[in-house]
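Letter by letter, the chains look like this.
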Amino acid sequence: AGNGALTDSNCIWNGGTQLFMYSVANFWGMVAVAIALHFGASPVDTSPLTVYRNEPSGVHSYPRQRNTSNFTYWCAGECATSASTTVQGGTILMGGGTDTDAAYKQLIAWSGNGDILVLRASGTDAYNPYILGLGPAASVATMLTKNRAASEDPEVIALVERADAIYFAGGDQWTYLQEWMGTTLQRTVQSAIARGVPVGGTSAGCDIQGNYIYTAENDTVYSEDALRDPFNFRVTLQETPFLTHPRPAGLLNHVIIDTHFVTRDRMGRNLAFLARLWSDGHPAIAIGIDEQTAIAIDASGKGTMLQQSKQGGRAYVIHPSGPAETCKKGQDLVYTDVPVQELDATRGDTFDFSSMTGGAAARRYTITAKGGKIAKDPYSPPHTAQSRQ
């Protein structure tokens, strides 16, 4: 029932109330299926996923598409089995907006041309054909979780374990933390990192890679509001990491990450984030990544700047040497001479995340927050007239 032919004619000649009710239910079930198919979704599948883990050859059987009450899964490429590859550890940090092709090509290479998995809590499978078209990955799959129960679903865990690279799509980091933090899914991804599986993310999926996380629990905070009051109710910080990136890959142990950085003018709010963390005894460093920009951090800790167009390619490492002079509820933030290192893909910049050094000395400068604003342009080193080519 539900995907068979309409039975209204049966109801007419039978005249039975029970059969009439069945017919109505059957009709609306078909309508629901038709709507789901029209919008690209498949009906909820309650049949169990077959994962053959005890085959002598080690072959597993995986689906191409799966839709349940907990998750939707799509796969493109060689989906039925798991690729046999040698992976290399690494981390992709992407700043949101238009995706950076070169970053996904690097992720494919680190995966050994294996199975790429995109994790998300909203959206579609649009990444599958896009990433698959960038390089010789065996497969690209998207796992869309619908609730916290998905993070404990054995089928979800089996499909995450299959991955040779894991990528977190953009979305809402608060949803990610609410549904994934402290779950088997989180632990499975962490175990994958420990095995050397490369990971990464864009926008909200990038924000959750740091040791400290701006959660956006109360919606976004703008720089002017955070500078006027670093304890603004929208300045919500989590001091427990979602993921850790053990040495030598990643090295984000003292880092908070923000994205859409220049496009949405987020330097000010990051000074507030840093001031709050330092006031709590955490000597934090901020990494701000603009749109159409990515940092590919390899297994040695070397970060290479990547860009999608001339409008992208910039990132900023904000590394205070101490706490703010004034960081109090209801008062303007006062934070003077905070060191900033601009990184620019157009100039071929790299950064060593092992020693937290790198970039050109000419683009190393300081910024000051006072009176609810940052003096001068916080995104351009003073006394440099060089144009970005």
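Reading guide: rules and limits
- Residues numbered from 1 in each chain as written.
- Predicted model: local features only at pLDDT ≥ 70, side-chain atom pairs only at ≥ 80, totals over all residues.
- Heavy atoms only, no water.
- Pairing = 2+ DSSP bridges.
- Helix = DSSP H or I, 4+ residues; strand = E, 2+ residues; numbered from the N terminus.
- Contact = heavy atoms within 4.5 Å.
- Axes fitted to C-alpha atoms, helices over the stretch in contact; angles between N-to-C directions.
- Disulfide = S-S within 2.5 Å.
- Buried < 20%, exposed > 50% of the residue type's maximum accessible area, 1.4 Å probe, protein only.
- Core = buried A, V, L, I, M, F, W, Y, C linked by side-chain atoms within 4.5 Å.
- Phe/Tyr/Trp six-rings, centres within 6.5 Å; stacked < 30°, edge-to-face > 60°.
- Lys NZ or Arg CZ within 6 Å of the ring centre and 35° of its normal.
- pLDDT = per-residue confidence, 0-100.
- Polar contact = N/O pair within 3.5 Å; in protein donor to acceptor, adjacent residues only side chain to side chain.
- Lys, Arg positive; Asp, Glu negative; His and termini not counted.
- Salt bridge = Lys/Arg side-chain N within 4 Å of Asp/Glu carboxyl O.
- Expected span 1.5 Å × (residues − 1).

## Thoughts on the sheet that holds strand β7 (residues 199-202)
Strand order in the open sheet made by the 11 strands is β1-β2-β5-β4-β6-β7-β3-β12-β13-β16-β17, with mixed pairing throughout. The open sheet terminates on both sides in strands that have one partner only, identified here as β1 (65-67) and β17 (357-358). The sheet contact formed by strand β6 (residues 165-168) and β7 spans 3 bridges and is parallel. In the sheet register, Tyr167 faces β7, and the bridge partner there is Gly200. Here helix α6 (residues 173-180) sits on the sheet in contact with β4 (115-120), β5 (139-145) and β6, set at roughly 100° to β4. On the sheet, helix α7 (residues 184-194) packs against β4, β6 and β7 and is oriented at approximately 130° with respect to β6.

## Overview of the state of the cysteines
Within the structure shown, the criterion is met by 1 disulfide. A sulfur-sulfur distance of 2.2 Å marks the disulfide that ties Cys75 to Cys79. Taking the sign of the S-S torsion, about -95° here, the bridge from Cys75 to Cys79 comes out left-handed. Considered together, Cys75 and Cys79 belong to a single accessibility category, that of buried residues.

## Some details on the nonpolar core
Ranked by internal contacts, the top residues of the largest apolar core, which has 53 residues, are Leu119, Ile166, Phe168, Trp180, Val189 and Phe242. Here this core takes 5 residues from helix α3 (residues 101-110), the largest share from any one element.

## Section: the environment of Val118
For Val118, the position within the fold is in strand β4. Considering only alpha carbons, one finds Val118 and Cys75, 43 residues apart in sequence, at a separation of 10.0 Å. Val118 has contacts with Tyr127, Ile131, Ala141, Thr142, Met143, Tyr167 and Ala169, leaving out every residue within four places of it along the chain.

## Re the packing of aromatic side chains
Two aromatic rings are characterised by how far apart their centres lie and by the angle between their planes. By the definition in use, this model includes 14 aromatic pairs. Taken together, a centroid distance of 5.8 Å and an interplanar angle of 45° make the contact between Tyr104 and Tyr127 tilted. Taken together, the positions of Tyr104 in helix α3 and Tyr127 in helix α4 (residues 127-132) put the pair 23 residues apart, joining distant regions of the chain. Residue classification places Tyr104 among the buried residues on the basis of a relative accessible area of 1%. The interplanar angle of 70° and the centroid separation of 5.1 Å between the aromatic rings of Phe351 and Phe353 together place this pair among those described as edge-to-face. Of the two residues, Phe351 and Phe353, both sit in the buried class. Here a set of aromatic residues connected by ring pairs shows up, and it is made of Tyr104, Tyr127, Tyr130 and Tyr167. The cationic tip of Arg162 hangs over the ring face of Tyr62; the distance from NZ or CZ to the ring centre is 5.1 Å.

## Re the confidence of the model for the chain
Summary statistics for the chain give a mean pLDDT of 86 and a share of 82% for residues scoring 70 or more. In the model, residues 48-59 has pLDDT below 50 throughout and makes 19 contacts with residues more than four positions away in sequence or in other chains. Contacts for the low-pLDDT stretch residues 385-389, under 50 throughout, to residues beyond four places or in other chains number 10 contacts.

## Quick look at helix α5 (residues 154-161)
Within α5, 6 of the 8 residues are buried, leaving the element largely enclosed by the surrounding structure. Buried within α5 we find Glu155, Val156, Ile157, Ala158, Leu159 and Val160. On its buried side, α5 packs onto β1, β2 (71-77), β4, β5, β6 and α7. For α5, the side-chain oxygen to backbone nitrogen distance between the N-cap and Glu155 is 2.9 Å, and the N-cap itself is Asp153.

## Comments concerning the pairing of β6
Here β6 shows two buried faces, one formed by Ala165 and Tyr167 and the other by Ile166 and Phe168. In this structure, β4 lies alongside β6, joined through 4 bridges in parallel fashion. Paired with Val118 across the bridge in β6 is Tyr167.

## Focus: the sheet that holds strand β10 (residues 255-258)
Taken in spatial order, the 6 strands of this open sheet run β10-β11-β14-β15-β18-β19, and their pairing is mixed. Each end of this open sheet is capped by a strand with a single partner; those strands are β10 and β19 (373-374). One ladder, built from 4 bridges, connects strand β11 (residues 285-289) with strand β14 (residues 314-318); its direction is antiparallel. Counterpart to Ile287 in the pairing with β14 is Val317.

## What about the side chain of Asp164?
Tracing the sequence through the fold places Asp164 in the loop between α5 and β6. Buried within the structure, Asp164 lacks any salt-bridge partner; Arg195 is the closest side chain of opposite charge, at an N-O distance of 7.0 Å. In contact with Asp164, other than residues within four places in its own chain, are Ala83, Thr85, Val87, Ser111, Gly114, Asp115, Val197 and Pro198.

## Remarks on helix α10 (residues 267-279)
For α10, with 13 residues, the first-to-last C-alpha span of 18 Å sits near the 18 Å given by 1.5 Å per residue. Among the 13 residues that make up α10, 12 are buried, leaving the element largely enclosed by the rest of the structure. Every buried residue of α10 is listed here: Met267, Gly268, Arg269, Asn270, Leu271, Ala272, Phe273, Leu274, Ala275, Arg276, Leu277 and Trp278. Among the residues trailing α10, Gly281 stands out with phi positive, at a value near 90°.

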